[in-house]
Amino acid sequence: MKTAAIRFYNNLNDFLPPEQQYVSFSHVFNGQPSVKDLIESLGVPHTEVDLLLVDGESAAWSRQVQGGERVAVYPRFFTLDIAGETQVRPAPLHDYRFIADVHLGKLASYLRLFGFDTLYRNDNGDEELADASVDENRILLTFDRQLLMRKKVTHGYLVRSRNPEVQLVEVLTRFNLADKCHPFQRCMACNGILGQVSREEVLSSLPENVRETLDAFHQCPGCGQVYWRGTHYEHMKVFVRKIKDQVQRNREEPEA
């Protein structure tokens with residue numbers, strides 16, 4: 001039997017039992033596992049890690065652990081640029097696009113509201129989710145940490161909260177997206193890009209009071225859903241502002 005001293009930082013402690021949180025602890029293991037296998041055996045998916053230090057030096061996931069090492073594991077940094085140091089951060093995506101698992105339908109709708117291309121079906125299996133994440137360069141959002149531990153999955157996030165609004169704040173904070181939002185451009189129901197249409201084109205779909213008072217409309221070419229800037233739109237603007245303010249406050253909190 002061998003041991004290594006391990007410490008996890010910041011929100012990586014969400015995955016650990018209380019006695020292992022925010023402290024260095026001794027972990028017992030057999031053989032010479034890769035540091036990826038060692039960390040994931042403790043319940044932390046590799047997609048949550050942005051920097052890995054072994055005996056004070058940056059290490060790759062393939063680094064084998066012999067015994068006696070000091071391992072420090074860090075999540076994403078917001079105020080420090082570690083691009084030249086980390087060996088575990090995946091290649092950056094050109095666009096922030098998502099795929100959400102079957103339990104995250106409301107989160108998918110919220111991300112679409114904020115303008116992010118987000119796939120969601122209530123019958124997608126784990127293999128379909130993992131394949132789509134890889135094949136389409138999408139960030140996989142899930143409650144299932146085992147799904148994120150699949151080797152093929154490079155970009156993902158384990159959603160912590162069961163509250164969809166809090167989930168939205170989590171995701172926008174994790175990927176630093178407060179300044180990349182383009183609200184009200186995408187269909188919340190099916191993910192299509194909204195296009196402007198005349199009142200005459202959608203007249204039969206409009207409530208009577210809307211026909212008489214508004215003249216600007218958008219429609220999803222995929223599902224036909226019609227959108228207009230009524231009272232609900234004003235409420236959603238307040239919601240968008242509230243969420244963005246919370247994300248900004250999260251980014252300003254000190255990293256531990």
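For the structure itself, consult the block above.
Parameters at a glance
- Residues numbered from 1 in each chain as written.
- Predicted model: local features only at pLDDT ≥ 70, side-chain atom pairs only at ≥ 80, totals over all residues.
- Heavy atoms only, no water.
- Phe/Tyr/Trp six-rings, centres within 6.5 Å; stacked < 30°, edge-to-face > 60°.
- Helix = DSSP H or I, 4+ residues; strand = E, 2+ residues; numbered from the N terminus.
- Buried < 20%, exposed > 50% of the residue type's maximum accessible area, 1.4 Å probe, protein only.
- Lys NZ or Arg CZ within 6 Å of the ring centre and 35° of its normal.
- Core = buried A, V, L, I, M, F, W, Y, C linked by side-chain atoms within 4.5 Å.
- Contact = heavy atoms within 4.5 Å.
- Pairing = 2+ DSSP bridges.
- Axes fitted to C-alpha atoms, helices over the stretch in contact; angles between N-to-C directions.

The next point concerns the packing of aromatic side chains. Enumeration according to the criterion identifies eleven aromatic pairs in this entry. Note on Y9 and Y74: the rings are 4.4 Å apart at their centroids and 10 degrees apart in plane angle, and the pair reads as stacked. Here Y9 is found in the loop between β1 (2-8) and β2 (25-29), whereas its partner Y74 is found in strand β5 (residues 70-74), with 65 residues between them in sequence. Accessibility assignment for this pair places Y9 and Y74 in one class, buried. Relative to F175, the ring of Y96 has its centre 6.4 Å away and its plane inclined at 55 degrees; by these criteria the two rings are tilted. Of the two residues, Y96 is situated in the loop between β5 and β6 (98-100) and F175 in the loop between α5 (164-174) and β10 (195-197); the sequence distance between them amounts to 79 residues. An aromatic cluster is built from Y96, F98, F116, Y157 and F175, whose rings are joined through pairwise contacts. Directly above the ring of F143 sits R162, whose terminal nitrogen or CZ lies 3.8 Å from the centroid. Over the face of the ring belonging to F175 we find R174, whose NZ or CZ atom lies 4.8 Å from the ring centre.

Let us look at the nonpolar core. Within the largest apolar cluster, 31 residues are counted, with the highest numbers of intra-cluster contacts made by I6, F8, I39, V44, L52 and V73. Those elements that place two or more of their residues in this core are β1, β2, α1 (35-40), β3 (51-54), β5, α3 (126-135) and α4 (145-148). If we ignore the near neighbours within four places in the chain, the residues touching F8 are N13, L16, Y22, F25, I39, L42, V44 and V73. Grouped together as the second largest cluster of nonpolar side chains are 29 residues, F98, L168, F175 and V240 included.

Moving on to the sheet that holds strand β12 (residues 226-228). The strand order across the open sheet built from three strands is β10-β11-β12, with neighbouring strands paired in antiparallel fashion. Of all the strands in the sheet, just β10 and β12 have a single pairing partner and so form its edges. If you compare each strand with its neighbour and ignore which way they point, the axes differ by 40 degrees on average. In terms of strand pairing, strand β11 (residues 217-219) meets β12 through three bridges, oriented antiparallel. Note on β12: the bridge partner recorded for F217 is W228.

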